[in-house]
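What the coordinates show
Read off the chains here:
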Amino acid sequence: MMSLAFVVQPTLRKGQQTLSHGSLSVLSRTLLATVAPHTYMYDKAVPVKHTKNVHSPRKPLLRDGYKSHQLPIETLSSSCNVYQAEYFNSGLHLEPPDLDWKYLCDSKHTEEIEANICNRKGVGDIRKVVKLWEQLQVSANVDEQRCLKKELNNEAVEIPNKTHPLSPVGDDSQARLLEEYGTKVEFKFRPKSVVKIGQDVDCLRADLVGYTTGPRSYYFKNGLAQMEQALIRFTLKKLINKGFELVSVPDLIHPEIIEACGFKTTGDRTHVYRLEPQHHSNTCLAGTSEMALAGMFVNQVLDYSELPKRLAAVSRCYRAETGTEKDQGIYRVHYFTKVEMFGITADETGKESDQLLQEFFEIQKEICIDLGLHFRVLEMPTQELGAPAYRKLDIEAWMPVKTFYGEISSTSNCTDYQSRRLHITYRMQEGTTKHAHTVNGTACAIPRMIMTIVENNQNRDGSVDIPGVLQQYMNGNRVLQKPDHPLRWQWIKLLRGKQGHKN
Amino acid sequence: MQSVTRHPGYYSGTCKYIKTAKTVHTYSRYLILKKCALPTFRNLLGQRLSICPIHASWLLKRYSTSCVHSSLFRWKLQCENIFEQCTLSGYSHTKCYSSSALFVSGALGTRTAVVDLDLNLDKRLQDVQELQENITARGVDIDLDCLKRIYEEYCQMRNTRIWLEEERTKISTLVQTLRRREDTNEEIPKLTERGRELKLQYQKLMKHWWIIEEKMILAALKLPNDLHRDTPVNVREKMVKEHMAKPNFTFQAKSHSDIGQLSGEILFSPVSPRAYYLRGQLALLEQALTTYVTDVLLQESFTHFTCPDMFKSVVVEGCGFDICDPEQVYTVETHINMQEDTKIDENARKVTWDNTYHLAGVSPMSFAAYLTRITLGKDNLPLKCFTLGRQYSPTLDHLECSNPGLFNVHQRTQVELCGFATDATESEEVFEHFSSIVWNMHKNFQLPLRLSTMGASQLLPAESKRAEIQCWSTSLNTYCKIASVSMCSDYISRRLMMKWAPKSYEVAKSNYLHTVHACALNVPRLIACIMENRQKEDGSYDIPTALEPLMMK
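Residues numbered from 1 in each chain as written. Chains lettered and ligands numbered in written order. Predicted model: local features only at pLDDT ≥ 70, side-chain atom pairs only at ≥ 80, totals over all residues. Heavy atoms only, no water.

Across its full length, chain B holds 16 helices and 15 strands. Expressed as a percentage of the 553 residues in chain B, the buried residues total 64%. On chain B, roughly 21,500 Å² of surface is accessible, and the fraction owed to carbon and sulfur atoms is 48%. (Helix = DSSP H or I, 4+ residues; strand = E, 2+ residues; numbered from the N terminus. Buried < 20%, exposed > 50% of the residue type's maximum accessible area, 1.4 Å probe, protein only. Areas by Shrake-Rupley, 256 points an atom, 1.4 Å probe, with all protein chains shown as cover.)

Shown next, in the form of structure tokens:
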């Protein structure tokens, strides 16, 4: 590190110039050229380098006394790949993924895998993987081997999960309708949007908050804030009764865990927020508690008798949605509360995770039926699966104002995709270990659920009927209506320019 | 009026001006360019390197799209130190980004302010003695004399400015009326000449004005709130009352981390700095606590809010936090390239305070963001609200313990209260109300508690008084803060234009709201205290009786 220190000297006079203007512009161009490739943090082409100096040395992330079940740190070569050796003295240790090399690299399967990649959005290059694998087999040089291994890992990690035979092939238009519940509400008046109703009954504010909290932010108040709590308690009660274990999870998570769950944290299209890396170590904001729940089992060997594990968590979810649509509503927002289900199963018969998926799915339907929604259930097609999911089922509820079916809940079976990357295994009695399967599902995503309930249950006078199952959590209230003393406020206009005399 | 040495190029327009400044720093730039073909400009700013703000802004303009955001912070810190020298030597730095998000100089055409500040300086700087005592008691470093001097200069300029403006309006109306009469009055050319003269004078004045104004306001924004008469000076805290005695264990008492880790109910995890998972009974306890507190507050007819978690820099600075200090607030990396819309103009692609977000969650900001630039009707006051959610904070308390466990974490579930009142007397009542609610709530958890009024040295800039509810911890061997109530008078509302009017539809003049903030529930700390104070020999612990019916089973 060089240390340069120049202090502005106010006493410098005119004559002390050393360079002309022209040479400055040349220099500035040189500087631009030198700087650009290094500073392109978001550029896809350049993988993000995590080096130790990114992390401020002032703040050790894990202080003494923190017990950790992690393995001791061993030295690995520095690497660009997020899966390899990420320390930051945080104690987080993630080996390269333990992929199914036998399956991936056997040329017998290449065509099958290629077809699968083609059906899902075409990310990953299996031929390259096989080629690298073959090169690695014949390579004799240690350095070359290491290089190849790294490259092989980087390529193989991109290969998506296998696909369930029942998943339809194609884009979202190919989704297969499985079931439909309830009927569309017939309104004898023009239904209002949730934002309008919310403002009328003083329960929601989404206008003029952009100045302070940015676009797509919203405040729930009074009735809707209570409905949020009611929905959480109602859902949790149901899950706990069904034998789920409630876990309180962190929302700030290292990107390695998020990547291992199958979500991209870099690149133009990432939906993952990241804290300022130079000051707050390498930390991202979780987009779903699935990340934290999966991260809880990182590098763990579970006992077969513990499985299947059913976990539930309430957490705040952060999504840097990139769409340009400028809708004011609460359908697509940057942060919201969600109750999530997460399961870990064994892989003995190969059917365990599918069974758990079915179980989660039944719970989701039960919640929607209890809340009196009109919804349909879809078997999602290959292009909608993302990389980790083997099979995905979505529930879409009827939104009477936008007149479409909107996704309110989703459940997917990730089989061993996540567990191979996070090293979650289980041990049988005879001592053999095998990768576990993971399943996740939304139990209740609050804003969308509230939007569905409010828009479908509205009355002509602007009030909203509260679903029966929620009433006991809302002080017995049956309707949301305008409070006696709504908060009255007025926006202040600035006096800039003329205001200069103040202060 | 203190004389300011003006640079010869001072009045010749900003453009030339920057040029001059550039040449002055040519040498330093030359070195920067030469030696720092570095892993970059970024690192360069990471060094304790001082560069002229103009120069920096010049660089910044070119890199702000590709440059990582954090460099901005460092750079801003740098600039602040240099601003003074620059202004004194007469350099215009109006083209730079300011170190403040709240204040936007009128000389900047490109950015618009979110709020009009009203820092009440006329009144506050009248009694410098009291302010000086306040600053000394808090232990902050502010050169009050300097501020006072700039302020006086500013006042003189303000008078001149007002006079000039009035004079110009008079002349122009006179000329207009004369012209309308179509008199061939020989006064007109004289008057227009005079008008032109005044205009020139005005322009000259304004150039200086922007500099002095910015300098004064940046310094004034650092002033802390006035001290409340109850705030003790020279002591750390003053105890008000106590509840229950410290527990006397007949066995070797364990810390909450030992109890929790043995039973597997607390899992400290490396998934992020100081991350923890609560499982089994503890996760249920968290739900029970939030349910309990929510129910109590709804009974006291508080308004329930669910608030955003990210705030623009304006709000964070408005609440008295230093937005440049990474130990006070988390900053989210700006996703510049993520904006796919190509129509967005150049400015929107730059990292500025306006597209910088801070992750804070449940905090005084939650409500400040709601009421920024808002006039409330008097019939809504005093307004008492609460929000339940997650709080994120990089700040760590200084605790004398090698393993603070749940006492020092970065993310937690919390309940925040906020009260708005019309004046000091009413806010006094709100403060008392909040204190008694929070105190009684914690008393029901059957813990050894203490209520203290904190000393001036412990206060945050926005606070004029703070009461803390502290609980005994066997592992820390001391009383530790688990809840607090802060009186902020009109400090925050003056910065963020939070006003009230006798009728909500009236335009408020300068009736600023008085705010009271409180942290009513800090889940991890309270859980730790419950585990430690209510532990049994076998490593289990009792759930407080008030919470038992709320545990979901």
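This part takes up the overall build of chain A. Secondary structure summary: chain A contains 14 helices and 18 strands in total. The buried share of chain A, reckoned over its 503 residues, is 55%. In the structure as shown, chain A presents an accessible area of about 22,600 Å², 50% of it carried by carbon and sulfur atoms.

Counting residues in hydrophobic clusters, the biggest one holds 123 residues, and the most contacted among them are Met227, Leu231 and Leu470 of chain A together with Leu417 of chain B. Look past the residues within four positions of Leu470 of chain A in its chain and what remains in contact with it is Met227, Ala230, Leu231, Phe234, Leu371 and Ile453 of chain A. Among the nonpolar cores identified, the runner-up in size contains 77 residues, and Phe103, Leu178, Phe311 and Ile374 of chain B belong to it. (Core = buried A, V, L, I, M, F, W, Y, C linked by side-chain atoms within 4.5 Å. Contact = heavy atoms within 4.5 Å.)

Okay, unusual backbone geometry next. Of all residues except glycine, most have a negative phi; of all peptide bonds, most are trans. Cis peptide bonds are those with omega within 30 degrees of zero, and the linkage from Leu307 of chain A to Pro308 of chain A qualifies with -5 degrees. As for its placement among the helices and strands, Pro308 of chain A is situated in the loop between strand 7 (301-303) and strand 8 (309-318). A cis geometry characterises the amide bond from Leu381 of chain B onward to Pro382 of chain B, with omega recorded as -5 degrees. Positive phi is not limited to glycine here, since Thr415 of chain A has a value of about 35 degrees. Note that Thr415 of chain A resides in the loop between strand 12 (404-413) and helix 12 (417-422). The phi dihedral of Arg373 of chain B falls on the positive side, at around 60 degrees, and the residue is not glycine. Inspection of the secondary structure assignment puts Arg373 of chain B in the loop between helix 13 (364-371) and strand 8 (374-377).

This part takes up the side chain of Asp309 of chain B. Within the element layout of this structure, Asp309 of chain B appears in the loop between strand 4 (303-306) and strand 5 (310-312). Since its relative accessible area comes to 3%, Asp309 of chain B is described here as buried. Looking at Asp309 of chain B, its side chain comes within polar contact range of the side chain of Tyr318 of chain A, at 3.5 Å. For Asp309 of chain B, the residues in contact, after removing those within four places along its chain, are Arg316, Tyr318 and Tyr335 of chain A together with His358, Leu359, Ala360, Gly361, Arg390 and Tyr392 of chain B. (Polar contact = N/O pair within 3.5 Å; in protein donor to acceptor, adjacent residues only side chain to side chain.)

For the rest of this paragraph, the subject is helix 7 (residues 128-138) of chain B. In an α-helix, one turn spans 3.6 residues; hence positions three or four apart end up facing the same way. Residue and element names in this part refer to chain B. Every buried residue of helix 7 is accounted for by Val128, Leu131, Asn134, Ile135, Ala137 and Arg138. In this structure, the buried residues of helix 7 make contact with helix 6 (121-124) and helix 8 (144-181). Following helix 7 by one or two positions, Gly139 has its phi on the positive side, about 75 degrees.

Sheet strands pair by backbone hydrogen bonding; their relative direction is either parallel or antiparallel. Taken together, the three strands give an open sheet; going across it, the order is 18(A)-8(B)-14(B), and neighbouring strands pair in mixed fashion. Two strands lie at the open edges of the sheet, namely strand 18 (489-491) of chain A together with strand 14 (498-501) of chain B, each paired on one side alone. Adjacent strand axes in the sheet meet at a mean angle of 30 degrees when their direction is disregarded. Contacting strand 18 of chain A together with strand 8 and strand 14 of chain B, helix 13 of chain B runs over the sheet at an angle of about 90 degrees to strand 8 of chain B. (Pairing = 2+ DSSP bridges. Axes fitted to C-alpha atoms, helices over the stretch in contact; angles between N-to-C directions.)

Let's shift gears to empty space enclosed by the protein. In the structure shown here, the tally under the stated rule is seven cavities of 30 Å³ or more. Residue lining of the largest cavity: 24 residues in total, with Val314 and Thr337 of chain A together with Leu388, Gly389 and Arg390 of chain B positioned closest to the centre. Breaking the lining of the largest cavity down by element, the ones donating at least two residues are helix 8 (222-241) and strand 8 of chain A together with helix 11 (280-299) and strand 9 (383-392) of chain B. The biggest single contributor to the lining of the largest cavity is strand 9 of chain B, with four residues. Residue classes in the lining of the largest cavity are distributed as seven nonpolar, twelve polar and five charged. (1 Å grid on protein atoms, 1.4 Å probe; cavity = no way out; pocket = protein on both sides within 12 Å on 5 of 7 lines; lining within 4 Å. Points joined across faces, edges and corners; volume = space filled by probe spheres on them. Nonpolar A, V, L, I, M, F, W, Y, C, P; charged D, E, K, R; others polar.)

Another aspect to go through is the packing of helix 8 of chain B against helix 9 (residues 187-220) of chain B. All names here are of chain B. Helix 9 packs onto helix 8 with a crossing angle of 155 degrees between their chain directions and a minimal axis gap of 8 Å. In this view, helix 8 runs roughly antiparallel relative to helix 9, as classed from their interaxial angle. Every pair of crossing elements has a handedness; the one defined by helix 8 and helix 9 is left-handed. Here the contact of helix 8 with helix 9 is composed, by residue class, of 22 nonpolar, five polar and twelve charged. (Parallel < 35°, antiparallel > 145°, perpendicular 65-115°, else oblique. Left-handed = near helix turned anticlockwise from the far one by under 90°.)

This part is about the sheet that holds strand 12 (residues 465-473) of chain B. Ordered by their spatial adjacency, ten strands build an open sheet running 2(A)-3(A)-4(B)-9(B)-10(B)-15(B)-13(B)-12(B)-11(B)-1(B), and the pairing between neighbours is mixed. Each edge of the open sheet is held by one strand with a lone partner, namely strand 2 (204-205) of chain A together with strand 1 (237-243) of chain B. Relative to strand 10 (residues 411-421) of chain B, strand 9 of chain B runs antiparallel, the two sharing ten bridges. In the strand pairing of strand 10 of chain B, Cys385 of chain B is matched with Cys418 of chain B. Seen against the sheet, helix 13 of chain B touches strand 2 and strand 3 (219-221) of chain A together with strand 4, strand 9, strand 10 and strand 15 (514-522) of chain B and runs at an angle of roughly 45 degrees to strand 10 of chain B.

Looking down a regular strand, the side chains alternate between one sheet face and the other. Residues and elements named next belong to chain A. Among the nine residues of strand 11 (residues 391-399), nine are classified as buried, and the element is accordingly described as predominantly covered. Alternating residues of strand 11 divide into Arg391, Leu393, Ile395, Ala397 and Met399 and Lys392, Asp394, Glu396 and Trp398, and every residue in both groups is buried. The sheet contact formed by strand 10 (residues 375-379) and strand 11 spans five bridges and is antiparallel. Counted as the bridge partner of Glu379 is Leu393 from strand 11. The antiparallel hairpin formed by strand 11 and strand 12 contains four residues in its connecting segment, where Thr403 sits at a positive phi of about 45 degrees.

Here we take up the confidence of the model for chain A. Residue and element names in this part refer to chain A. On average, residues of chain A score 81 in pLDDT, and 79% of them are at 70 or above. Segment residues 1-89 is flagged for pLDDT under 50; beyond a separation of four residues in sequence, or across chains, it makes 151 contacts in the model. Across residues 497-503, confidence stays below pLDDT 50; counting only partners more than four residues off in sequence or on other chains, it has 22 contacts. (pLDDT = per-residue confidence, 0-100.)

Time to look at the packing of aromatic side chains. Counted by the stated rule, this structure contains 21 aromatic pairs over all chains. On the basis of an interplanar angle of 70 degrees and a centroid distance of 5.4 Å, the ring pair of Phe187 of chain A and Phe189 of chain A is categorised as edge-to-face. Plain terms: the ring middles of Phe244 of chain A and Phe360 of chain A are 5.7 Å apart, the flat faces sit at 35 degrees to each other, and that makes the pair tilted. With Phe244 of chain A in the loop between helix 8 and strand 4 (245-246) and Phe360 of chain A in helix 11 (residues 352-370), this pair connects stretches of sequence that are 116 residues apart. The exposure classification of Phe244 of chain A matches that of Phe360 of chain A, with both residues buried. Site record: aromatic cluster; members linked through ring pairs are Tyr219 of chain A together with Phe305, Phe367 and Tyr370 of chain B. Between the NZ or CZ atom of Lys246 of chain B and the centre of the ring of Trp472 of chain B, over which it lies, the distance is 4.4 Å. (Phe/Tyr/Trp six-rings, centres within 6.5 Å; stacked < 30°, edge-to-face > 60°. Lys NZ or Arg CZ within 6 Å of the ring centre and 35° of its normal.)

Residues and elements named next belong to chain B. Within the secondary structure, His514 sits in strand 15. Residue His514 is classed as buried on the basis of its relative accessible area, which comes to 13%. Not counting chain neighbours up to four residues away, the residues in contact with His514 comprise Gly419, Phe420, Ala421, Thr422, Asp423, Ala424, Ser427, Ser489 and Asp490.

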